[in-house]
Amino acid sequence: MTMIETADDFVTGGLRGGRSLYAYRVRGRERSAVVLWIGGRGDEPDRVFTVPRAGRRHVLVFVTVRQARVYLRRRGRQPATSEVDTLDLGRVQHWLADPECRRAPLGAVLEAWNFFEDLARGLDAVDRLPRQGARHNSAYEKLFGAACEEAAWTPDEQRAVLELIRAGVELWNSCPALVNPRS
């Protein structure tokens, strides 16, 4: 169902102060869409753009990048770049289906991890992801390292990655969304 947001949503969604906006394509098995991503300034973290509706935050999702650009243009904004990054969440979900027998697509896992944290912040739903501790930090550092191999993870780190990525996929697939919002 498409809902219509107001001009105030653009401000309450966090787009005041000239922060950079990006269109970001997410291709998953259950849900695929283009979302708007807000780059944080200074120490402020990045997050996915959301708007308030009925006491909850909703992600704006678009079928095409063009629709996202039109949405922004109607509000006097434009993406910070014409390039659009794509998260191939389907590859991550394929790995999640049998992590013991399949190799982790490390680049996609890192991108998914970052996206899920940004999505949770945008939705004010950080409690939907596991509380991250030392094992998560260690696994993330290995993912972030240029020479990371899945074999470098300890069993505890691998469980931490699987736990976070599974929770993130569930968050993405179940989060409230406004599809192709118009002005």
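Cut-offs used in this document
Residues numbered from 1 in each chain as written. Predicted model: local features only at pLDDT ≥ 70, side-chain atom pairs only at ≥ 80, totals over all residues. Heavy atoms only, no water. Helix = DSSP H or I, 4+ residues; strand = E, 2+ residues; numbered from the N terminus. Salt bridge = Lys/Arg side-chain N within 4 Å of Asp/Glu carboxyl O. Buried < 20%, exposed > 50% of the residue type's maximum accessible area, 1.4 Å probe, protein only. Patch = residues over 30% accessible without salt bridge, like charges linked within 9 Å, V, L, I, M, F, W, Y side chains within 5 Å. Areas by Shrake-Rupley, 256 points an atom, 1.4 Å probe, with all protein chains shown as cover. Lys, Arg positive; Asp, Glu negative; His and termini not counted. Charge placed at Lys NZ, Arg CZ, Asp CG, Glu CD. Pairing = 2+ DSSP bridges.

Asker: Break down unusual backbone geometry for me, citing the residues and quoting the values.
Answerer: Despite not being glycine, Ala54 shows a phi value in the positive range, around 50 degrees. Inspection of the secondary structure puts Ala54 in the loop between β4 (50-53) and β5 (56-61).

Asker: Would you mind going over the pattern of salt bridges in detail, with residue names and values included?
Answerer: When charged atoms on two side chains of opposite charge get close, those side chains can pair. The tally for this structure, following the rule as stated, stands at five salt bridges. The shortest N-O distance in the salt bridge between Arg121 and Asp118 comes to 2.4 Å. Remark: Asp118 and Arg121 occur in helix α4 (residues 106-123); sequence separation between them is three residues, near one turn of the helix. In this structure, Glu163 engages Arg135 in a salt bridge whose closest nitrogen and oxygen atoms are separated by 2.8 Å. Here Glu163, found in helix α6 (residues 155-174), pairs with Arg135, found in helix α5 (residues 134-144); they are 28 residues apart in sequence, far enough to count as distant. Looking at Glu163, the relative accessible area reads 35%, which means it is partly exposed. Under the relative-accessibility criterion, Arg135 is labelled partly exposed at 27%. Bridged by salt links that share partners, the residues Arg135, Asp156, Arg159 and Glu163 form one connected network.

Asker: Mind laying out a positive patch on the surface, listing which residues take part and the relevant values?
Answerer: A cluster of like positive charges, contributed by Arg66, Arg73, Arg74 and Arg182, occupies part of the molecular surface. If you trace the backbone, Arg182 turns up in the segment after β7 (177-179). Judged by relative accessible area, which is 52%, Arg182 ranks as exposed.

Asker: Describe a negative patch on the surface, with residues and values.
Answerer: A contiguous patch of negative charge, built from Glu83, Asp85, Asp88 and Glu111, is present on the exposed surface. Among the secondary structure elements, Asp88 is positioned in strand β6 (residues 85-88).

Asker: Which residues make up the sheet that holds strand β1 (residues 21-27), and what values go with them?
Answerer: Pairing is mixed across the open sheet formed by four strands, whose spatial order is β3-β2-β1-β6. Where the open sheet ends on each side, the last strands, each with one partner, are β3 (47-48) and β6. Judged from the two bridges that link them, strand β2 (residues 32-38) and β3 form a sheet pairing that is antiparallel. Across the sheet, Trp37 pairs through a bridge with Val48, a residue of β3.

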